[in-house]
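Letter by letter, the chains look like this.
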Amino acid sequence: MKVLIIIPAYNEEKNLSGLLDRLEKDCPQHDVIVINDSSEDGTLRLCRERGVHVIDLPVNLGIGGAVQAGYMYAHYKDYDAAVQVDGDGQHNPEYISVLLDELEKGADLCIGSRFLSDTEGGFRSTGVRRFAIRYFSRLINMFTGLRVTDPTSGFRACDRKAIRLFAADYPRDYPEPESIVNAIRNKLNVKEVPVVMNERKQGKSSITSMKSVYYMVKVSLAVILASFYGYRRTEVDR
Amino acid sequence: MNTRLQIIMIAASLIFLFYIVMMLRNRKIDLKYTLAWLFAGLCLIAVAVFPGLLRLISNLLNIVEPVNTLFLFIIFFLLLILFTLTIAISRNANRVKTLTQEIGMLKMELDKLAEGKNADKKEK
């Protein structure tokens, strides 16, 4: 299986190196691509020094646009699967094989969830965000009938079908919950597997308290709208 | 509507229309986005020259003051134009996004090509 690891990175100079080390150790057989979303720090320089392939976006697009660039690349280069891993080191590369196993078993989109495992381990986000996650989980369940325990997780594996969908249509900001609904509506088989995540090592999360209200409203609306669009055939040229 | 208001409206509309035509001639703006403005300007002139028109519509809509009818139509036009701008901005934002992604990929392919060439040189 030809697998591409997609790492969206915005000002992740301090976290990226450790992640690349672990990727080299845990899954050296997969191709890695970093999408540098117009970082202002040395993210690009670091990638060049390490000789890792990098899509250097000339204009900052936000997480959704950056990730989509990765899926577009995976689609053009005909990868069998793509795994999205955050550049901040929250996601443990050792679980990549677990996610991919689920694809082999027939899932189209497999999400790494912090809330599935019985063991109380790892970082599970802080109070307010846990509330938001539970709320989105309920919302998605209401509108699609599917149980997704960690809808904001950006740790996910996609098969060809999901790659094609996301390459053609991916939300721009705060994309995770909306993209799940999109996938379900396009009749993709969405699965979750338990993973353990780390706390961010350096830098700030993209979601600040000021933006959280906008975040809740925007994502709620997006989820509700996405579930009304119904099945939409998406084809990518080339 | 009094004569003074009529004169001001006609003068302002004419200057406005003249300005749009000049911009169009210099290719500063697209005709596509100015059609609504041109139409609005012409309507204003028509109303200013023939105030009876406004009174007629006011009577039809049961609006006591004809100037309120004028405001109503102006606001309606502004909303319409604003909304077309929102559509245009969204489309442009999407185009910029796609272009940015494609440029990012092209830059990487270029890097790969350059790397390959450098490697060839070293071998030789």
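Residues numbered from 1 in each chain as written. Chains lettered and ligands numbered in written order. Predicted model: local features only at pLDDT ≥ 70, side-chain atom pairs only at ≥ 80, totals over all residues. Heavy atoms only, no water.

## Brief notes about the overall build of chain A
(1) Moving on: Counting its secondary structure elements, chain A contains 8 helices and 7 strands.
(2) Moving on: Here chain A holds 238 residues, and the buried ones make up 55% of them.
(3) Moving on: Partitioning the intrachain contacts of chain A with sequence separation of at least 6 by distance along the chain shows that 77% fall at a separation of at least 24.
(4) Moving on: A total accessible area of about 10900 Å² is found for chain A, and carbon and sulfur atoms account for 51% of it. (Helix = DSSP H or I, 4+ residues; strand = E, 2+ residues; numbered from the N terminus. Buried < 20%, exposed > 50% of the residue type's maximum accessible area, 1.4 Å probe, protein only. Contact = heavy atoms within 4.5 Å. Areas by Shrake-Rupley, 256 points an atom, 1.4 Å probe, with all protein chains shown as cover.)

## Description of the side chain of Asn36(A)
All names here are of chain A.
(1) Moving on: Turning to its location among the elements, Asn36 is positioned in strand β2 (residues 31–36).
(2) Moving on: The exposure class of Asn36 is buried, given its relative accessible area of 2%.
(3) Moving on: A distance of 2.8 Å separates polar atoms of two side chains, one belonging to Asn36 and the other to Asp56.
(4) Moving on: For Asn36, the contacting residues outside a window of four places in its chain are Ala9, Thr43, Leu44, Val54, Ile55, Asp56 and Leu57. (Polar contact = N/O pair within 3.5 Å; in protein donor to acceptor, adjacent residues only side chain to side chain.)

## Here we look at the interface of chain B and chain A
(1) Moving on: With 15 residues of chain B at the interface, the matching set in chain A holds 20 residues.
(2) Moving on: Here chain B and chain A share an interface that buries about 1500 Å² over both sides, 58% of which is from carbon and sulfur atoms.
(3) Moving on: Of the charged contacts, one joins Lys107(B) and Asp56(A) as a salt bridge, the two residues approaching to 3.0 Å between their closest N and O atoms.
(4) Moving on: Summed over the shared surface of chain B and chain A, the result is 9 residue pairs in polar contact (both at pLDDT 80 or more).
(5) Moving on: Among the residues making up the side of chain B that touches chain A, the classes are represented as 4 nonpolar, 5 polar and 6 charged. (Buried area = accessible area lost by both parts, 1.4 Å probe. Salt bridge = Lys/Arg side-chain N within 4 Å of Asp/Glu carboxyl O. Nonpolar A, V, L, I, M, F, W, Y, C, P; charged D, E, K, R; others polar.)

## With respect to the confidence of the model for chain B
All names here are of chain B.
(1) Moving on: On average, residues of chain B score 89 in pLDDT, and 97% of them reach the 70 mark or higher.
(2) Moving on: Across chain B, helix α1 (residues 3–25) holds the top mean pLDDT of 92, while helix α2 (residues 31–49) sits lowest at 88.
(3) Moving on: Under the prediction, the complex receives an ipTM of 0.84, its pTM being 0.84. (pLDDT = per-residue confidence, 0-100.)

## Here's the deal with the pattern of salt bridges
Two side chains bearing opposite charge may form a pair once their charged atoms approach each other closely.
All names here are of chain A.
(1) Moving on: Summed over all chains, the structure comprises 14 salt bridges over all chains.
(2) Moving on: When the shortest N-O distance is used, the salt bridge between Asp173 and Lys218 registers 3.1 Å. Taken together, the positions of Asp173 in the loop between α6 (160–168) and α7 (176–185) and Lys218 in helix α8 (residues 209–229) put the pair 45 residues apart, joining distant regions of the chain.
(3) Moving on: Overall, the relative accessible area of 27% leaves Asp173 in the partly exposed class.

## Some thoughts on the packing of aromatic side chains
All names here are of chain A.
(1) Moving on: Evaluated as defined, the whole model comprises 10 aromatic pairs over all chains.
(2) Moving on: Aromatic pair Tyr71 and Tyr170: ring centres 6.0 Å apart, planes at 50°, arrangement tilted. Taken as a pair, Tyr71 in helix α3 (residues 62–76) and Tyr170 in the loop between α6 and α7 lie far apart in primary sequence, 99 residues in all. The two residues Tyr71 and Tyr170 agree in class, both being buried.
(3) Moving on: With a centroid separation of 6.5 Å and 40° between ring planes, the pair formed by Tyr73 and Tyr79 is classed as tilted.
(4) Moving on: Taken together, the aromatic side chains of Tyr135, Phe136, Tyr174, Tyr214 and Tyr215 make up a single cluster linked through ring pairs.
(5) Moving on: One cation-aromatic arrangement involves Lys2 over Tyr79; the distance from NZ or CZ to the ring centre is 4.7 Å. (Phe/Tyr/Trp six-rings, centres within 6.5 Å; stacked < 30°, edge-to-face > 60°. Lys NZ or Arg CZ within 6 Å of the ring centre and 35° of its normal.)

## Brief notes about the layout of surface pockets
All names here are of chain B.
(1) Moving on: Size it by volume and the second largest pocket reaches roughly 380 Å³.
(2) Moving on: Lining the second largest pocket we find 17 residues, and of these Ala40, Cys43, Leu44, Ile74 and Phe77 sit closest to its centre.
(3) Moving on: For the lining of the second largest pocket, the secondary structure elements donating two or more residues are α2, α3 (51–61) and α4 (66–123).
(4) Moving on: Per element, the largest residue contribution to the lining of the second largest pocket is 7 residues, and it comes from α2.
(5) Moving on: For the lining of the second largest pocket, the per-class residue count stands at 15 nonpolar, 2 polar and no charged. (1 Å grid on protein atoms, 1.4 Å probe; cavity = no way out; pocket = protein on both sides within 12 Å on 5 of 7 lines; lining within 4 Å. Points joined across faces, edges and corners; volume = space filled by probe spheres on them.)

## Focus on the sheet that holds strand β7 (residues 190–194) of chain A
Backbone-to-backbone hydrogen bonds pair the strands of a sheet. The strands run either parallel or antiparallel.
All names here are of chain A.
(1) Moving on: The sheet built from 7 strands is open, its strands ordered β3-β2-β1-β4-β6-β5-β7 with mixed pairing. The sheet is open, and its two borders are formed by β3 (53–56) and β7, each paired with just one other strand. Strand-to-strand twist in this sheet, taken as the mean axis angle between neighbours without regard to direction, amounts to 20°.
(2) Moving on: Sitting on the sheet, α6 touches β4 (81–84), β5 (109–113) and β6 (156–159), and the angle it makes with β6 is about 100°. (Pairing = 2+ DSSP bridges. Axes fitted to C-alpha atoms, helices over the stretch in contact; angles between N-to-C directions.)

## Some thoughts on the side chain of Thr152(A)
Residues and elements named next belong to chain A.
(1) Moving on: Secondary-structure assignment places Thr152 in the loop between α5 (127–144) and β6.
(2) Moving on: Using a relative accessible area of 17% as the deciding quantity, one classes Thr152 as buried.
(3) Moving on: The residues contacting Thr152, other than those within four sequence positions of it, are Arg114, Ile133, Phe136, Glu176, Pro177 and Tyr215.

## Considering the packing of α5(A) against α7(A)
All names here are of chain A.
(1) Moving on: For the pair α5 and α7, the least separation of the axes is 11 Å and the interaxial angle reads 20°. Taken together, the axes of α5 and α7 are roughly parallel relative to one another. As for how α5 packs across α7, the hand of that crossing is right-handed. Where α5 approaches α7, its residues Phe136, Ile140, Phe143 and Thr144 are matched on the opposing element by Pro177, Val181, Ile184 and Arg185.
(2) Moving on: Residue classes in the contact of α5 with α7 are distributed as 6 nonpolar, 1 polar and 1 charged. (Parallel < 35°, antiparallel > 145°, perpendicular 65-115°, else oblique. Left-handed = near helix turned anticlockwise from the far one by under 90°.)

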